[in-house]
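# Geometric and topological summary
So the chains spell out like this:
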Amino acid sequence: GFILDPGPCHPRTTIVEKFDQAITDYSAGLSLKTDLLPLSSRQIAEAHYKLSIVLDLTSGRLGDAIVHAERALDSVEARLAELRDALSGQGLVKPEQPQSKEDVKGKGKATGPRLLGDDAIVHMTKSQMMAEEKELQGLREDLALKVSSLHVSLTPPLNRKSRRTGRGAEERTE
């Protein structure tokens, strides 16, 4: 037989280009959101999660996928902490203040307070907070499992322990 050159119209090339474009788009969106919203915003968690999914499906980007899955988990945990504080009567949640940095590049980025966003806890009733807390606990568990499974994927097969023997492949003497 002979091998055909798939050329630029091959579906695999198109898929790779779409993943690359998705990474670019999600990264740009995430950058804007992190400039404007607090870590505890659900939009931040969602943006990190979506980017982690695309990176996980992109060859050679597993390490980046893990970073973004962990950041999504951090965001959900920050949101849970804010909800618990609000529910326990610790007071209203205030927007985070960005750390001041000198404008070295001269782009004149705004340095005012971050926006609270539509999902701000201060706009929620107690029953809405309780419902969201329950939902976020499940989401946190799911994200923790995702992070764990990504770490397992990153571990080279020789270093993984056998479920049957509990020893690594290099230790087996069968």
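Look up: the structure comes first, before these words.
Below is a short write-up of the structure.

### Comments concerning the nonpolar core
Val76, Leu83 and Leu150 are the most contacted members of the largest nonpolar core, which totals 24 residues. Breaking this core down by element, the ones donating at least two residues are α1 (11-36), α2 (42-56), α3 (62-87) and α4 (126-154). Counting residues per element, this core draws most heavily on α3, at nine residues. Excluding residues that lie within four positions of it along the chain, leucine 150 makes contacts with Asp56, Leu62, Ala65, Ile66 and Ala69.

### Considerations on the pattern of salt bridges
Under the criterion given, the structure shown has seven salt bridges. Arginine 61 is the partner of aspartate 64 in a salt bridge, and the nearest nitrogen-oxygen pair spans 2.7 Å. For aspartate 64, a relative accessible area of 32% corresponds to the partly exposed category. Across the pair glutamate 132 and arginine 79 runs a salt bridge whose closest N-O atoms are separated by 2.7 Å. Pair noted here: glutamate 132 is in helix α4 and arginine 79 is in helix α3, with a separation of 53 residues, a long-range link. The residues glutamate 132 and arginine 79 share a single accessibility class, namely buried. Within this structure, Arg42, Arg79, Glu132 and Glu135 form a network of salt bridges that share partners.

Definitions and cut-offs
Residues numbered from 1 in each chain as written. Predicted model: local features only at pLDDT ≥ 70, side-chain atom pairs only at ≥ 80, totals over all residues. Heavy atoms only, no water. Core = buried A, V, L, I, M, F, W, Y, C linked by side-chain atoms within 4.5 Å. Buried < 20%, exposed > 50% of the residue type's maximum accessible area, 1.4 Å probe, protein only. Helix = DSSP H or I, 4+ residues; strand = E, 2+ residues; numbered from the N terminus. Contact = heavy atoms within 4.5 Å. Salt bridge = Lys/Arg side-chain N within 4 Å of Asp/Glu carboxyl O.

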